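# Overview (structure and organization)
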Amino acid sequence: MRALILSDIHGSADAARAALAYFEKFLCDKIFLLGDTLYHGPRNPLPAGHGPMGVVEALEPYKDKIIAVRGNCDAEVDLMMLDFPIKDEFAVVEDTVKNADGTTRTIRLFLSHGHIFMPECFPKNALDCIERNSGCTKTANGVANANGTSNVEENRDIDAYLFGHTHIFQLEQNFKGVLMMNPGSTSLPKGGNPPTFAIYDSTGTGRDSSKIRAKFSIHRLDDGKELASDLI
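Before going into details, it helps to say that this report is about the structure given with it. (Residues numbered from 1 in each chain as written. Predicted model: local features only at pLDDT ≥ 70, side-chain atom pairs only at ≥ 80, totals over all residues. Heavy atoms only, no water.)

Here we take up the overall build of the chain. For the chain, the count of helices and strands is 4 helices and 12 strands. Across the 232 residues that make up the chain, the buried fraction comes to 54%. Within the chain, contacts between residues at least 6 apart in sequence are counted, and of these 64% link residues at least 24 apart. Entry remark: accessible area of the chain is about 10300 Å², with carbon and sulfur atoms responsible for 50%. (Helix = DSSP H or I, 4+ residues; strand = E, 2+ residues; numbered from the N terminus. Buried < 20%, exposed > 50% of the residue type's maximum accessible area, 1.4 Å probe, protein only. Contact = heavy atoms within 4.5 Å. Areas by Shrake-Rupley, 256 points an atom, 1.4 Å probe, with all protein chains shown as cover.)

Structure representation (structure tokens):
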């Protein structure tokens, strides 16, 4: 799987179109949309190229390839405009990759906006914790494999947590052993950073002997230059 990861578009049609151009450039087959897609938010200025309907139109051709979660600025009226589901506060993507020796491994990604589940202390067994606290069953909505179907295993440890919300790109492991990735914001970056996006790639770019290692990378929106990367 190779996925384009976007967050905090905040209604900028220019930023959405610029980011989606990398879907083809990086030969992606999925888009992970991490929330705050259409509304700019009361605390934020209007981003350059603001036009929520332009964002809707830019995303529409990719609707069957998008896995999306809801951000704190995503209101019901916004969700009604989109042609793909964006209802849940989190989603789990299970990506099964085949190693050169014929063995397989499942890479489990937790997608959420970041305003509910705190990345810094997010544990590997988060799914069990969420189910205990919410009363969900093991077939809870939000758990999907790369094809969007339910696929729950006994070992459901999370390998990486993909989130947005802060508008600051981040790629590091937390003290619980979970890789934290924030792609930053495509339209309203903070912390002196440029607009950014991210790529998840488990197609074999990263290889450790016979074992496929998934690569996570963060890139500038203007020229695609890689700013940070890590492997799991």
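Below, the discussion takes up the environment of Ala-3. Mapped onto the elements, Ala-3 comes out in strand 1 (residues 2–6). Between the C-alpha atom of Ala-3 and that of Ile-31, which follows or precedes it by 28 residues, the distance is 5.2 Å.

The next subject is the pattern of salt bridges. In total, this model carries 10 salt bridges according to the counting rule given. Ionic pairing is found between Glu-131 and Arg-156, a salt bridge with its closest N-O pair at 2.9 Å. Separated by 25 residues along the polypeptide, Glu-131 in helix 4 (residues 126–134) and Arg-156 in the loop between strand 6 (143–145) and strand 7 (160–162) bring together distant segments of the chain. On the accessibility criterion, Glu-131 (11% relative accessible area) is buried. We classify Arg-156 as buried; its relative accessible area is 5%. Across the pair Asp-222 and Arg-220 runs a salt bridge whose closest N-O atoms are separated by 2.7 Å. Residue classification places Asp-222 among the exposed residues on the basis of a relative accessible area of 53%. Residue Arg-220 is classed as partly exposed on the basis of its relative accessible area, which comes to 26%. Several salt bridges converge on common partners, so that one network encompasses Asp-128, Glu-131 and Arg-156. (Salt bridge = Lys/Arg side-chain N within 4 Å of Asp/Glu carboxyl O.)

Tallying each qualifying case throughout the model produces 13 aromatic pairs. Pairing Phe-23 with Tyr-62 gives two aromatic rings, centres 5.1 Å apart and planes at 65°, and the pair type is edge-to-face. Here Phe-23, found in helix 1 (residues 13–25), pairs with Tyr-62, found in the loop between helix 2 (52–59) and strand 3 (66–68); they are 39 residues apart in sequence, far enough to count as distant. The exposure class of Phe-23 is buried, given its relative accessible area of 6%. Judged by relative accessible area, Tyr-62 falls into the buried class, the value being 13%. For the pair Phe-110 and Tyr-161, a centre-to-centre distance of 5.3 Å together with 85° between the ring planes defines the contact as edge-to-face. Here Phe-110, found in strand 5 (residues 104–112), pairs with Tyr-161, found in strand 7; they are 51 residues apart in sequence, far enough to count as distant. On the basis of relative accessibility, which here comes to 0%, the residue Phe-110 falls in the buried class. The class for Tyr-161 is buried, based on a relative accessible area of 0%. Taken together, the ring pairs connect Phe-90, Phe-110, Phe-117, Phe-122, Tyr-161 and Phe-163 into an aromatic cluster. Above the ring of Tyr-22, the side-chain terminus of Lys-25 is found at 4.8 Å from the ring centroid. (Phe/Tyr/Trp six-rings, centres within 6.5 Å; stacked < 30°, edge-to-face > 60°. Lys NZ or Arg CZ within 6 Å of the ring centre and 35° of its normal.)

With that settled, consider helix 1. Taking 1.5 Å per residue as the helical rise, helix 1 with its 13 residues ought to reach 18 Å, and the 19 Å between its terminal C-alpha atoms agrees with that figure. Listed in full, the buried residues belonging to helix 1 are Ala-13, Ala-15, Ala-16, Ala-19, Leu-20, Tyr-22 and Phe-23. (Expected span 1.5 Å × (residues − 1).)

Turning our attention to the side chain of His-113. Along the chain, His-113 turns up in the loop between strand 5 and helix 4. In terms of polar contacts, His-113 uses its side chain to reach the side chain of His-165, at 3.3 Å. (Polar contact = N/O pair within 3.5 Å; in protein donor to acceptor, adjacent residues only side chain to side chain.)

This part is about helix 2. Within helix 2, burial applies to Gly-54, Val-55, Val-56, Ala-58 and Leu-59. Looking at the buried residues of helix 2, the elements they touch are helix 1, strand 2 (30–33) and strand 3.

Geometry only, nothing functional implied.
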